[in-house]
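If you want the building blocks of each chain, they are given just below.
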Amino acid sequence: METGDAGEKRTESLLVDRVPVRRLAVALTFDDGPDPAYTPEIADILRRNGGRATFFVIGQELERSADIARMLHEEGHELGNHTQTHASLTALTEAERRAELESADRLLEALTGRRPRLFRPPYLAIDAETARTGEAMGYRAVGAANLKAEDWRMPGTAHILEHTRSEVRPGSILIFHDGLGDRSQTVEAVSVLVPELRKQGYELVTVSRLLEMAEQGL
Ligand SMILES: [Zn+2]
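Rules used throughout
Residues numbered from 1 in each chain as written. Predicted model: local features only at pLDDT ≥ 70, side-chain atom pairs only at ≥ 80, totals over all residues. Heavy atoms only, no water. Donors = N, O, S within 2.8 Å, 3.2 Å for Na, K, Ca; no water. Helix = DSSP H or I, 4+ residues; strand = E, 2+ residues; numbered from the N terminus. Buried < 20%, exposed > 50% of the residue type's maximum accessible area, 1.4 Å probe, protein only. UniProt positions renumbered as here; feature names shortened; annotations may be inferred. Polar contact = N/O pair within 3.5 Å; in protein donor to acceptor, adjacent residues only side chain to side chain. Core = buried A, V, L, I, M, F, W, Y, C linked by side-chain atoms within 4.5 Å. Contact = heavy atoms within 4.5 Å. Expected span 1.5 Å × (residues − 1). Pairing = 2+ DSSP bridges. Salt bridge = Lys/Arg side-chain N within 4 Å of Asp/Glu carboxyl O. Axes fitted to C-alpha atoms, helices over the stretch in contact; angles between N-to-C directions. Parallel < 35°, antiparallel > 145°, perpendicular 65-115°, else oblique. Left-handed = near helix turned anticlockwise from the far one by under 90°. Nonpolar A, V, L, I, M, F, W, Y, C, P; charged D, E, K, R; others polar.

## A word on the coordination of the zinc ion
When four donors bind a metal tetrahedrally, each ideal donor-metal-donor angle is 109.5 degrees, and when six bind octahedrally, the ideal angles are 90 or 180 degrees. In the first shell of the zinc ion, the protein supplies Asp32 (OD), His82 (NE2) and His86 (NE2), at 2.1 Å from the metal. Ordering the donors of the zinc ion by residue number gives the pattern D-x49-H-x3-H. Of this pair, Asp32 sits in the loop between strand E1 (25–31) and helix H1 (38–49) while His86 sits in the loop between strand E3 (78–81) and helix H4 (94–112); the two residues are 54 residues apart in sequence, bridging distant segments of the chain. For the residue pair Asp32 and His86, the accessibility class agrees, reading buried in each case.

Written out as structure tokens, the structure reads:
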């Protein structure tokens, strides 16, 4: 199953890819989990290096792996909405779109005690109507700066690293995938990237924290 998030329907201005911050900070994001094998490996890397990330989880996967989602929440990571079934939202009616977001929203609220603030549309497929649906639910729609890394298609660890490093600067939101397939290359790339960024002095923060830093002029 192809789970690529570099869809052609992407409309850049509707998604936040990068925000202006002064401090050395980036936000790593992981889509399509939680996954029983790969998500804990990613969490281990972040724990060892002192970093936080945002996990855009699929409602159906969350139902299967609630314990892993709970661990992520308890360790200070952010959980975002990646719809209930990984549907392409622009292909749905307004009612269907809302149902996709609301189902995952309810699961996340039950798990964390608060409503998620962020969503990432599957395949990054977004249009004005989808953006309005998200906004009406209080969501910010999140894109990413390193779309050429395309970790979801297993292009090799070197490719993932090259096309991510070139997009690293203060305020970048970086996309990876921890579920719906073999994510071993992603884990390998992240195991190199995370200590490298920390050595360069980067803070690895959640997307909500990065947005807050930008608002506060940090
Ligand atoms: Zn996805």
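## Some details on the UniProt feature "domain: NodB homology" (unreviewed entry) in the protein chain
Under the feature "domain: NodB homology" (unreviewed entry), the UniProt entry names residues 24–205. Taken end to end, residues 24–205 is 44% helix and 15% strand, and its two terminal C-alpha atoms sit 10 Å from one another.

## Here's the deal with the environment of His82
Positionally, His82 belongs in the loop between E3 and H4. Assessed through its relative accessible area of 0%, His82 is described here as buried. C-alpha separation for the pair His82 and Arg23, spaced 59 residues apart in sequence, amounts to 28 Å. Among the polar contacts listed, one links the side chain of His82 to the backbone oxygen of Arg120, at a separation of 2.7 Å.

## As for unusual backbone geometry
With an omega of 0 degrees, the peptide bond running from Gly33 to Pro34 counts as cis. Topologically, Pro34 is positioned in the loop between E1 and H1. Within the chain, Asp32 stands out as a residue other than glycine whose phi angle is a positive 85 degrees. Even without being glycine, His86 reaches a positive phi, approximately 65 degrees. What makes His86 buried here is its relative accessible area of 4%.

## Remarks on the nonpolar core
Nonpolar side chains in soluble globular proteins tend to end up buried together. One finds Leu28 and Phe55 to be the most contacted residues of the largest nonpolar core, which totals 33 residues. Examining the composition of this core, we find that 6 residues originate from one element, helix H7 (residues 184–199), more than from any other. If we skip the residues at most four places from it in the chain, Phe55 touches Phe30, Thr39, Ile42, Leu46, Leu72, His77, Glu78, Leu79, Gly80 and Asp178. By size, the runner-up hydrophobic cluster in this structure holds 14 residues, among which are Ala25, Val142, Ile173 and Val207.

## Topic: H7
One turn of the α-helix equals 3.6 residues, which is why residues spaced by three or four share an orientation. Here H7 spans 23 Å end to end across 16 residues, near enough to the 22 Å set by a 1.5 Å rise per residue. Taken together, the buried positions of H7 are occupied by Gln185, Thr186, Val187, Ala189, Val190, Leu193, Val194 and Leu197. On its buried side, H7 packs onto E1, H1, helix H6 (157–165), strand E6 (173–177) and strand E7 (203–204). Once H7 finishes, Gly201 follows within two positions and takes phi at roughly 95 degrees, a positive value.

## Quick look at the pairing of E6
Within E6, 5 of the 5 residues are buried, which leaves it mostly tucked inside the rest of the structure. Across the two faces of E6 the burial is the same, with Ile173, Ile175 and His177 and Leu174 and Phe176 all buried. Alignment of E1 against E6, held across 5 bridges, turns out to be parallel. Looking at E6, one finds that Thr29 is bridged to Ile175.

## Brief notes about the pattern of salt bridges
Scanning the model with the defined rule gives 15 salt bridges in all. The residue Arg18 makes a salt bridge to Glu167 at a minimum N-O spacing of 3.0 Å. Of this pair, Arg18 sits in the segment before E1 while Glu167 sits in the loop between H6 and E6, and the two are 149 residues apart along the sequence. Classification of Arg18 by relative accessible area gives partly exposed; the value is 31%. With a shortest N-O distance of 3.2 Å, Arg97 and Glu94 are connected by a salt bridge. Here Glu94 and Arg97 lie together in helix H4, a separation of 3 residues that amounts to about one turn. One continuous salt-bridge network, built from bridges that share partners, spans Glu94, Arg97, Arg98, Glu102 and Glu129.

## Some words on the packing of H1 against helix H3 (residues 66–74)
It is at 11 Å that the axes of H1 and H3 come closest, and there the two elements cross at 15 degrees. With respect to their mutual orientation, H1 and H3 come out roughly parallel. The crossing of H1 and H3 is left-handed. Here H1 contributes Thr39, Pro40, Ala43 and Arg47 to the contact with H3, which in turn contributes Ile68, Met71 and Leu72. Broken down by class, the residue content of the contact of H1 with H3 amounts to 5 nonpolar, 1 polar and 1 charged.

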